[in-house]
Amino acid sequence: MNKGVRLSEKWFNRALWMVAIIFAWFLTGLGKSIIGDLPRVETDYTTEHFVSHTQVDPLRTELKGLARQRQTLADQLEQANLQLIIRQKDYQAARTTFDNWVKTRDTTDEVDDLVSRTRTLDMLKKLERDAERSIEDIQQQQTDISQHETQLLAQVDTLEDAARQQLDDAYEAQETRVFLYRLLVTLPLLALAAWLFAKKRQSQYWPFVWGFIIFALMAFFVELVPYLPDYGGYVRYTVGIVFTVVGGKYAITALQNYLEQQKLAESQPEFQRREELGYDTALARLAKNVCPGCERNVDLKNEQSDFCTHCGICLHNYCNACQSRKSAFAKFCHKCGTAA
Ligand SMILES: [Zn+2]
Ligand SMILES: [Zn+2]
């Protein structure tokens, strides 16, 4: 990142920052899709994966059989009820006939006739009782079946409960694995970003480097958040702390190095220091009213001050050709154009 002072260079730099941000944006979109799709490498479990089929399958088959039996019995019961109604009506009709006959009969009538009529009535009553009994029989069978069903369902429930417990455990394990996959994807990105920051941020391809760094930070600290398991916060904050400590240490070392270099530079001969300062760097610092050598404030407007009062570097000198006072960092005299 060359901090040029030329106008176009400034605009190019801004455009390159845009490139960095757009690059980061696209990478983030891609990363988001990849991170979101990671659970697809895992199977979708259901309780059926864990239930003991050797135990539960015979129970389920039996339950199906019972359901069929229950349906058959319901049909039979309906038939038996109809049958009972018919028998009751038959008896009622016979009874009415018999009662009428008794009221109107002559005492001279045969006793045999009475006996035979009573026997018919008894038979009809017996048929009615039989119909009632077959209904009771069906109801008894229904009760037996429903009790048996309740028992079987309880057994199936027990087995399925155990399977659900296993399913929960499997889900938890799966959540952990998926989180680890995501870490395995995002952590190396972060490491690569750190390496790029340390080694490549000054390279001519810096917009891509910065784009990638922004992307890696987004991926780890933003994209990963919705997928964090309950302990995921520890991982996130721990990595954050490690990064801050490493970054802070890096900044402190950089400051120490800068101060040392500055001290070394200030101890060097004046012309050599001016040589080592880049032309654009010197101009940028002068534009901010600071000494190009030591970066402390200087009064450049003062006609009397030709040297920095802090480090002694020459700020103004005189043209060899026309003797005009000019900036010591200018490459040409502003008055006569002679090369400095
Ligand atoms: Zn100075
Ligand atoms: Zn001149």
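Residues numbered from 1 in each chain as written. Chains lettered and ligands numbered in written order. Predicted model: local features only at pLDDT ≥ 70, side-chain atom pairs only at ≥ 80, totals over all residues. Heavy atoms only, no water.

Draft legend 1. Expanded view of the coordination of the zinc ion (ligand 1). The coordination sphere of the zinc ion (ligand 1), as far as protein atoms go, consists of Cys291 (SG), Cys294 (SG), Cys308 (SG) and Cys311 (SG), spread over 2.1 to 2.5 Å. For the zinc ion (ligand 1), the four donor atoms in the first shell make angles of 101 to 116° at the metal, so the coordination geometry reads as tetrahedral. Binding-site remark: the zinc ion (ligand 1) is held by donors from one chain whose sequence spacing is C-x2-C-x13-C-x2-C. Like Cys291, the residue Cys294 is buried in the burial classification. (Donors = N, O, S within 2.8 Å, 3.2 Å for Na, K, Ca; no water. Tetrahedral: all angles 85-135°; square planar, octahedral: opposite > 155°, others 65-115°. Buried < 20%, exposed > 50% of the residue type's maximum accessible area, 1.4 Å probe, protein only.)

Draft legend 2. Representation of the coordination of the zinc ion (ligand 2) in the model. For the zinc ion (ligand 2), the full set of protein donor atoms is Cys319 (SG), Cys322 (SG), Cys333 (SG) and Cys336 (SG), at a range of 2.2 to 2.3 Å. Geometry at the zinc ion (ligand 2) is tetrahedral, judged from the four donor atoms that bind it and their angles of 106 to 115° at the metal. Sequence spacing of the donor residues for the zinc ion (ligand 2), all on one chain, is C-x2-C-x10-C-x2-C. You can see Cys319 sitting in the loop between strand 1 (316–318) and strand 2 (325–327) and its partner Cys333 sitting in the segment after strand 2, a full 14 residues away along the chain. (Helix = DSSP H or I, 4+ residues; strand = E, 2+ residues; numbered from the N terminus.)

Draft legend 3. Just the environment of Ala265, in detail. Structurally, the position occupied by Ala265 is in helix 5 (residues 232–267). Measuring from C-alpha to C-alpha, the distance between Ala265 and Gln151 comes to 93 Å, with 114 residues separating the pair along the chain.

Draft legend 4. Representation of the domain arrangement of the protein chain. Parsing the protein chain into structural domains produces domain 1 (1–229) and domain 2 (270–327). The straight-line distance from the C-alpha centre of domain 1 to that of domain 2 is 81 Å. (Domains from an automatic or database assignment.)

Draft legend 5. Focus on the packing of aromatic side chains. Going through the model one piece at a time under the given rule, you end up with ten aromatic pairs. Taking 5.1 Å as the distance between ring centres and 70° as the angle between the ring planes, the aromatic pair formed by Trp25 and Phe26 counts as edge-to-face. Residue classification places Trp25 among the exposed residues on the basis of a relative accessible area of 60%. Of the residues examined, Phe26 reaches a relative accessible area of 53% and is grouped as exposed. Joined through ring pairs, the aromatic side chains of Trp17, Phe197, Trp206, Trp210 and Tyr250 make up one cluster. Over the face of the ring belonging to Trp11 we find Arg14, whose NZ or CZ atom lies 4.6 Å from the ring centre. Arg201 extends its terminal NZ or CZ atom over the ring of Phe197, reaching a point 4.4 Å from the ring centre. (Phe/Tyr/Trp six-rings, centres within 6.5 Å; stacked < 30°, edge-to-face > 60°. Lys NZ or Arg CZ within 6 Å of the ring centre and 35° of its normal.)

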